[in-house]
Structure formats: structure tokens, C-alpha cells
Amino acid sequence: MKITTVQAYDWAGFYLDGELKQEGHSIRYDILIEELIKSGQPLTEEEHISLEYEANEWLEERGNLPKRIEDIPEELIYRKD
């Protein structure tokens, strides 16, 4: 099972195997741990994604993160070059 945390300016979320499990101004780690236990699968991979500043407008228009992580536009993902 892969966990991915996503951080924007004042919004965060976490995905398990690409599916959004929680989002808000902060992540409740008790919910995160509960979801991991419920899955019954070992955690095999983790990733942290930061979003570009421009993602704030995108999030404001949407109102939330997408249900599937692959629906986050690639150009909004911060890449250190």
C-alpha cells in the first residue's frame, strides 16, 4: 500500500493507493492510522507532494482535492530542479 501526502499553501490531504482518504487545513493522523489498519495491507511506499502556489486558485475553484491523485494537474506539482 502506498501513502501519499499532498500539501498546498493551507490545504492538505492524504491518499492511499491513489484514493483520497482525508483532506482539510490539517491532517488528522488518528484517521490516517485507522485507514492504514483497516486496509490490512502493509505500507510499502510513501511519497510527499507539494503543490505550486498557483494550485491555491485551482483548489479554491474546485473546493477540494480530487478523489484520485492522478487527477491533480501535473503542472501544479512542485518539482525541485
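Please refer to the structure placed before this passage.
Here we summarise the structure given alongside this text. From a predicted model like this one, the values you see are computed outputs, not experimental measurements.

As for the environment of L51
Link 1 in the chain: Inspection of the secondary structure puts L51 in the loop between β4 (45-50) and α2 (55-62).
Link 2 in the chain: What makes L51 buried here is its relative accessible area of 9%.
Link 3 in the chain: Taking the C-alpha atoms as reference, L51 lies 5.1 Å from Y78; in sequence the two are 27 residues apart.

Some remarks on the pairing of strand β2 (residues 12-16)
Link 1 in the chain: Most of β2 is tucked away: five of the five residues are buried.
Link 2 in the chain: In this structure, strand β1 (residues 2-7) lies alongside β2, joined through five bridges in antiparallel fashion. In the strand pairing of β2, T5 is matched with F14.
Link 3 in the chain: Here β1 folds back onto β2, and the loop between the two strands holds four residues.
Link 4 in the chain: Note that β2 and strand β3 (residues 19-24) share five bridges and pair antiparallel. Bridge pairing in β3 links F14 to Q22.
Link 5 in the chain: Connecting the antiparallel pair β2 and β3 is a turn made up of two residues, with D17 showing a positive phi of about 45 degrees.

Remarks on the pattern of salt bridges
Link 1 in the chain: Across all of its chains, the model carries seven salt bridges by this definition.
Link 2 in the chain: Two residues, E35 and K21, come together in a salt bridge whose shortest N-O distance is 4.0 Å. Separated by 14 residues along the polypeptide, E35 in helix α1 (residues 29-39) and K21 in strand β3 bring together distant segments of the chain.
Link 3 in the chain: Its salt-bridge partner being D30, residue R28 comes within 2.5 Å of it at the nearest N-O pair.
Link 4 in the chain: The class for D30 is partly exposed, based on a relative accessible area of 44%.
Link 5 in the chain: One salt-bridge network, held together by shared partners, links E19, K21, E35 and K38.

What counts and what doesn't
Residues numbered from 1 in each chain as written. Predicted model: local features only at pLDDT ≥ 70, side-chain atom pairs only at ≥ 80, totals over all residues. Heavy atoms only, no water. Helix = DSSP H or I, 4+ residues; strand = E, 2+ residues; numbered from the N terminus. Buried < 20%, exposed > 50% of the residue type's maximum accessible area, 1.4 Å probe, protein only. Pairing = 2+ DSSP bridges. Salt bridge = Lys/Arg side-chain N within 4 Å of Asp/Glu carboxyl O.

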